[in-house]
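Residue strings, one per chain:
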Amino acid sequence: MRPISYLRAEGADGIDSALRAVTDDPGSDFLAGGTTEVDLLRQHVLGPRRLVDINRLPLAGIEELPDGGLRIGALTRMSDVASSPVVQERFPMVSRALVLGASAQLRHMASMGGNMMQKVRCGYYRDAESPCNKREPGAGCAALTGVSRTHAVLGTSEHCIATHPSDVAVPLAALDARIRTRTLDGEHTYAFDDFFLEPGDTPHREHPLTHGELITAIEVPALPMARRSLYLKVRDRESYEFALVSVAAAIEVRDGKVGGVRIALGGVGTRPWRARRAEDALVGGPATTKSFDLAARAELAAARTTPMNAFKPELARRTLVRALETLTRDGSRS
Amino acid sequence: MTTITPTPAPTDGPVGRPLDRVDGHAKVTGTARYAAEVPLTGLTHAVLVGARVARGRITSIDSAAAERAEGVLAVLTHENLGKIAAQPQLLPSLAGSVAPGETFFPMQGDEIHYAGQHVALVVADTYERALHASRLVRVSYAEEPSVTVIAQGRDQAYEPEAIFAGFVPGRTERGDVEAALGAAAVTVDRTFTFAANHHNPIETSAATAYWEGDRLTLHDTTQGVTATQHTVAALLGIPHTRVRVIGHFTGGSFGGKAMVWHHPTLAALAARKVGRPVRLALTREQMFVACGHREEQEQRLTLGADEDGRLVALRHHKLSPTSPFDHWAEPSLGVAGQLYACPNYEGVYRLIRANTTTPTFMRCPGEATGLFALETAMDELAERVDLDPLELRLRNYTENDPASGRPWSSNGLRECLERGAERIGWERRAAPPARDGDWLIGLGMAASAYPVYGPNNPQRARARLYADGTAVVQAAVTDIGTGVLTVMTQVAAEALGLPVERCRFEGGDTDLPNVAAAVGSSGAGMVSATVHTAASALREQLIARAVGDEGSPLHGADPADVDVRDGRMVLRDAPGTGEDYAELLQRNFLPDMEATGSWGPPPQDAPFASMTFGAQFAEVAVDPVLGLVRVRRLAGAFAPGRVLNAKTARSQLMGGMIWGLSQALLEATHMEPGTGRWANASLGEYLVPVNADAPDVDVDFIEVRDTVVNPLGVKGVGEVGQAGVAPAIANAIHHAIGRRLRKLPITIEDILSGADEASR
Amino acid sequence: MTVRTPGTETGAGTATEPEADERGPDPVKVRLDVNGAQRHVDIEPRVSLLGALRDELQLTGAKRGCDQGTCGACTVWVDGRRVLACLTLAITCEGAEITTVEGLATPDGTGDGRLHPMQEEFIRHDAFQCGYCTPGQIMSAVGCVREGHAGDDGEIKEWMSGNICRCAAYPNIRAAIRAARDRV
């Protein structure tokens, strides 16, 4: 870890002073839960000269929105969101994704805003030395020919195939959540889809944020059918492991036909992967295993694999089918 | 010499009782100090820098930025470290002598033999500063082509004369395997592949070194302080009497701290350089390149049997990469060639010179992989000859070691197989596999065995009784989690006739009597032998003193008629007559009495062979659609000879069985062929089981008396728990979904690759 | 070679509130409330809570197993919640209550031989072997019970999976938690 200075933002004008401190200094970064950031500082992947500690800012808590949605403060800890009765009731897939992510200790530390900003787990990015376009634009991508079992198959480019690691971002993508931010200029709102950038030619750009822009909240709009949603996560280990494949899904079936459906995939995309092709294929059609399967195939047709992760599209297809079967069979949560 | 006693004979002595660990209090309160936790004035911290190429030469090292960094005291490289006295030859630490992990020492020249090879060592006043400065050392290389995996070096394979530091021949034959296979009614010929594995104890390897004049003290995390002492002394070229090694607690090892790797010596050299104490703890990532691994391997196994399933031939070949320095392969063929009666046998090791460290011992080294091949093939043979897999094992059971022809000193395999079957409910296997929602349930089994190793030279212990009636018994063992301090307290208390509360066992320091490293499941056997010898000698001394003392109620008695109970020497036939040890010493103004004991292993030409046997049974659930395998239950039965502490022995066997689960389903280190780097060198990506992966484990003992291996008949429990678990799980998967998987670990994509026909 | 005695700070209450100004990168005085005692350490802001506890305060119960948040051996409580000390910068803990295994049985960390029920049950059920992950397991286990996630074995398994035990004492860890949960 490089030498760093520390500034704690707190008090009445804490948010403004934090914004100013980071905006005015390219060498300053915000520090929230630290679960990714401290790790990457120690690895020499990140190298700010100063950290602005925002943990004392009044950005924690869950508010109910008039439409039945929720506004989750950026500094609300993952564990507090997971155990919130209103989240469990209205958006069980959010609660479930949180509980299945990381460990109890990490969930106590990590903030929801930080979760949106978390970095990829690609070993070549994290070792601070291998060629990595995300860390050092133009350096090349060691993962393309390297050990890539956990890497992405959707949204990849010839410059980066790192998987987006978040669990909770997967149901949030399915729910059309919004990211609220602040800069010195005022407040901004991003649609979830716009907030996570595909690597393309610029894998180092992961979000549309400007330096010094601070996430203040995540808004989750109401979605009645999400009360019977699920998050299904497949991994080698039974716990404490990132997803090889995960599915967040909610479905509404009327008279055997799909009235509405929301699906997002984790573990397979370079960003939390909203499965719009699958959704489009399903809506209005029969709620049968066969149509689930066709929808999954439609979504995964664009998958590009390496020899080591060639199993992922098939695993994703099966997981998606299983998720929808489970929801339509008895509506129970996985 | 086998005596089967289904219900263990109760003894009233401390040995065998499920005593709580004597070091439990220290461990649960955080007061147990491990090697990197010793507080010293003026302590400095060292961090290693590893090579980024697999083979080549260093063309330049720029350490200027590191040297300028705040708090940095020294940057050591091959240009300024100085030369070691001599490169010792690889020798297992059980030999009780010099035991380097490989026949190579880094930072002696510019040549790079493997990625991660230590190329620099940064010493600074704090850990954070040393870690940061280590990132500032710039090393340039002239890279050369390398070989790091089997796939790259298959053409270069050679047959070594011997492996395993010369202890195991490269080729073993008996009978005529070729002819027997040709004539066999049934043959099974299969190839098995195994990923490389890393030990990953939670405590990373660490050493703290300081000099007082020309005397060196090292706090080391090791399986044997004596091994560290001899190795570091030899490398430094100083008498081992000037090196003291202390290691009270080792935070797990599993073979990774069995040999002495480079860091303790480097810590000592750095401490001499900066004139202050140096602590050198490996990072988690460095644990993958700086203390060995279980090598990637490929095994081809061919079984020949008659139509009743009786083995007539066994051919077992292994191919694996070794380092540029040593002919190392874990001895995978050994136990697999001794488990069943089979007249015709051929075992051959082939090696590939590769750019890695010398592979090393990792829990159940060889047995865990060799038995996977054998016991998976046996399951297939059972299917071919239409026999229950359990019946096939019983049919091939032997009372003699097929390798030497000698009878087993004790056995118990048959009883273990029967007991394990009972515990798992093996009769359920006859019915079609059960279904539980999306899960298919399968049962599988395998036999288990592990050799009984002994030390090469005499082991020593010292026993002292104080005038207050308490005793201290000492030997230079280290607790790596086995419970050695607890069981030796029990052994000493029993021999002295003292309650355990009045007996203290001390280890972890080379100033204490010399014993070899706790490796190869041999610790309990050899240390109990010497502790028992020392404590018995002291007890005889005390009795002799009493019967010769006119002031003693026992004066003139025959020592053979004297018993000791609760620290009181009494006449066996008149327990009212006697006195306490304490009374004897106090009356004679003796502050204490002391005896040493020495025990040497039985001669090699004893007319017996020794092996620890067991049996493993697994119940697994397979979701063939999602490729998931979850182990619901493991049941193991073992015949490890005398059990010194039922609680700690059970725990070790349980841990070994979960290690087997881990080997079967999780553990794989992926070598990146181009760079020679282990691509998943972290506990986030090298998967070991978490709590949720570990099912309840049923451990049962079959008591066998062994009067040959050592005085107490202890055969060891450290590793046999792992042997046979992986094939039991693979065989259970086969039972559940009808597919044979011949690679380890078995992961989601393996189940997925053919799951369609099984599930739809 | 002399053993350094960790200095126990006195004069709690005299320290001033942390300043709003930038501090570091050179060592700064950081005030930590550890096991009920006010302690002052001179550390760089980059020093983790784990580093401060182990190297500055000689509280080595919290273990360094990975320094990456992947093993749980460094688990301590900050304001009563189980967290990973390796991914927490010590300076961010000013004003928070830190509890380590040394302070579990007796709030002042003096130990005096008494044990917390969870510690007793870990010994009784042989819930460890090498002991290196044990302080983290115990701090996590008490947290698990207090959070209400020790209802049955399935729950304990999931909510204790952030603490790796390479000796694989897991079934015994669960037994210890079951035995202790009503006394925590």
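Residues numbered from 1 in each chain as written. Chains lettered and ligands numbered in written order. Predicted model: local features only at pLDDT ≥ 70, side-chain atom pairs only at ≥ 80, totals over all residues. Heavy atoms only, no water.

Draft legend 1. Quick look at the overall build of chain B. Helix and strand counts for chain B come out as 17 helices and 34 strands. Taking 760 residues into account, the globule formula puts the C-alpha radius of gyration at 27 Å, and chain B, at 27 Å, falls close to it. With the C-alpha coordinates aligned to their principal axes, the bounding extent of chain B is approximately 85 × 70 × 50 Å. The buried share among the 760 residues of chain B stands at 68%. In chain B, the proportion of contacts linking residues at least 24 apart, taken out of those at least 6 apart, comes to 80%. (Helix = DSSP H or I, 4+ residues; strand = E, 2+ residues; numbered from the N terminus. Rg over C-alpha atoms; globule rule 2.2 N^0.38 Å. Buried < 20%, exposed > 50% of the residue type's maximum accessible area, 1.4 Å probe, protein only. Contact = heavy atoms within 4.5 Å.)

Draft legend 2. Spotlight on the overall build of chain A. Within chain A, the regular secondary structure consists of 13 helices and 12 strands. The dimensions of chain A, computed from C-alpha atoms along their principal axes, are 60 × 50 × 35 Å. In chain A, which comprises 334 residues, the proportion classed as buried is 66%. For chain A, restricting intrachain contacts to residue pairs at least 6 apart in sequence, the fraction spanning at least 24 positions comes to 66%. As displayed, chain A has an accessible area near 11500 Å², and 49% of this comes from carbon and sulfur atoms. (Areas by Shrake-Rupley, 256 points an atom, 1.4 Å probe, with all protein chains shown as cover.)

Draft legend 3. Quick peek at the sheet that holds strand S12 (residues 273–274) of chain A. All names here are of chain A. Taken together, 4 strands build an open sheet; the order of strands is S9-S10-S11-S12 and the sheet is antiparallel. Single-partner strands in this sheet number two, and they are strand S9 (230–234) and S12. Here strand S10 (residues 245–254) pairs with strand S11 (residues 257–266) via 9 bridges, running antiparallel. Across the sheet, the residue bridging to arginine 254 is lysine 257, located in S11. Those strands touched by helix H13 (residues 312–329) are S9, S10 and S11, and its axis lies near 35° from that of S10. (Pairing = 2+ DSSP bridges. Axes fitted to C-alpha atoms, helices over the stretch in contact; angles between N-to-C directions.)

Draft legend 4. View of helix H6 (residues 225–236) of chain B. Residues and elements named next belong to chain B. Here H6 spans 16 Å end to end across 12 residues, near enough to the 16 Å set by a 1.5 Å rise per residue. Among the 12 residues in H6, 11 count as buried, and that is most of the element. Turning to H6, its buried residues number three or more, namely Val225, Thr226, Ala227, Thr228, Gln229, His230, Thr231, Val232, Ala233, Leu235 and Leu236. Buried residues along H6 sit against strand S12 (206–212), strand S13 (215–220), strand S14 (243–246) and helix H7 (263–274). (Expected span 1.5 Å × (residues − 1).)

Draft legend 5. Quick peek at the interface of chain A and chain B. Taken residue by residue, the interface counts 31 residues in chain A and 30 residues in chain B. Summed over both partners, the interface of chain A with chain B comes to about 2900 Å²; 52% of that surface belongs to carbon and sulfur atoms. Applying the counting rule to chain A against chain B returns 8 salt bridges. With its nearest N and O atoms 3.9 Å apart, the salt bridge here joins Arg52(B) to Asp127(A). Taken together, the links from chain A to chain B amount to 15 residue pairs in polar contact (both at pLDDT 80 or more). Its residues assigned to classes, the side of chain A that touches chain B shows 11 nonpolar, 7 polar and 13 charged. (Buried area = accessible area lost by both parts, 1.4 Å probe. Salt bridge = Lys/Arg side-chain N within 4 Å of Asp/Glu carboxyl O. Polar contact = N/O pair within 3.5 Å; in protein donor to acceptor, adjacent residues only side chain to side chain. Nonpolar A, V, L, I, M, F, W, Y, C, P; charged D, E, K, R; others polar.)

Draft legend 6. Structural context of the interface of chain C and chain B. Across the boundary between the two partners, chain C contributes 55 residues, which contact 64 residues of chain B. When chain C packs against chain B, the two sides together hide about 4900 Å² of surface, and 54% of this comes from carbon and sulfur. Run the count over chain C and chain B and you get 7 salt bridges. Between Arg129(B) and Glu44(C) there is a salt bridge, and its shortest N-O distance comes to 2.9 Å. Linking chain C to chain B there are 28 residue pairs in polar contact (both at pLDDT 80 or more). When residues of the side of chain C that touches chain B are traced back to their parent elements, those giving at least two are helix H1 (49–56), helix H2 (117–124), helix H3 (134–146), helix H4 (153–159) and helix H5 (170–180) of chain C. Of all the elements, H5(C) adds the most residues to the side of chain C that touches chain B, at 5 residues. Classifying every residue of the side of chain C that touches chain B by side-chain character gives 24 nonpolar, 16 polar and 15 charged.

Draft legend 7. Region of interest: the domain arrangement of chain B. Residues and elements named next belong to chain B. Partitioning chain B into domains gives domain 1 (3–31 + 455–599), domain 2 (33–362) and domain 3 (388–453 + 606–759). Taking the mean C-alpha position of each, domain 1 and domain 3 sit 36 Å from one another. Each partner contributes residues to the interface: domain 1 has 29 residues there, and domain 3 has 26 residues. In total, about 2200 Å² of surface goes out of reach between domain 1 and domain 3, with carbon and sulfur atoms giving 56% of it. Its salt-bridge partner being lysine 647, residue aspartate 20 comes within 2.5 Å of it at the nearest N-O pair. Inspection of the region where domain 1 meets domain 3 yields 7 residue pairs in polar contact (both at pLDDT 80 or more). Taken together, the elements giving at least two residues each to the side of domain 1 that touches domain 3 come down to strand S1 (3–4), helix H11 (484–496) and helix H12 (523–547). For the side of domain 1 that touches domain 3, the class distribution of residues is 13 nonpolar, 12 polar and 4 charged. (Domains from an automatic or database assignment.)

Draft legend 8. Molecular detail of the side chain of Arg77(A). Along the polypeptide, Arg77(A) turns up in the loop between strand S5 (70–73) and helix H3 (78–82). One buried charged side chain, Arg77(A), makes no salt bridge at all; its nearest oppositely charged neighbour is Asp80(A), positioned 6.0 Å away. Within polar-contact distance, the side chain of Arg77(A) engages the backbone oxygen of Met109(A) at 2.7 Å. For Arg77(A), the contacting residues outside a window of four places in its chain are Ala32(A), Gly33(A), Asn55(A), Arg107(A), His108(A), Met109(A), Ala110(A), Ser111(A) and Arg81(C). (Lys, Arg positive; Asp, Glu negative; His and termini not counted.)

Draft legend 9. Just the nonpolar core, in detail. Core analysis: the biggest nonpolar cluster contains 350 residues, and Met116(A), Ile729(B) and Ile733(B) have the highest contact counts within it. Val153(A), Val245(A), Ile251(A) and Val261(A) belong to the second-largest nonpolar core, a separate cluster that totals 37 residues. (Core = buried A, V, L, I, M, F, W, Y, C linked by side-chain atoms within 4.5 Å.)

Draft legend 10. Quick look at the state of the cysteines. Tallying each qualifying case throughout the model produces 0 disulfides over all chains. This cysteine, Cys133(C), is not joined by any disulfide, and Cys165(C) carries the nearest cysteine sulfur, 4.0 Å off. (Disulfide = S-S within 2.5 Å.)

Draft legend 11. The arrangement of the pattern of salt bridges in detail. Per the stated rule, a full pass over the model turns up 97 salt bridges over all chains. Close ionic contact of Arg135(B) with Glu129(A) constitutes a salt bridge, the shortest N to O distance being 3.9 Å. A residue pair is termed interchain when its members come from two chains, as with Arg135(B) in the loop between helix H3 (127–134) and strand S7 (138–143) and Glu129(A) in the loop between helix H8 (123–126) and helix H9 (169–174). For Glu129(A), a relative accessible area of 41% translates into the label partly exposed.

Draft legend 12. Geometry of the pairing of strand S15 (residues 278–281) of chain B. Residue and element names in this part refer to chain B. Pairing geometry for strand S2 (residues 44–50) and S15, over 3 bridges, is parallel. The residue bridging alanine 46 from the neighbouring strand is leucine 280, located in S15. One ladder, built from 4 bridges, connects S12 with S15; its direction is antiparallel. The residue of S15 that forms the bridge with alanine 207 is leucine 280.

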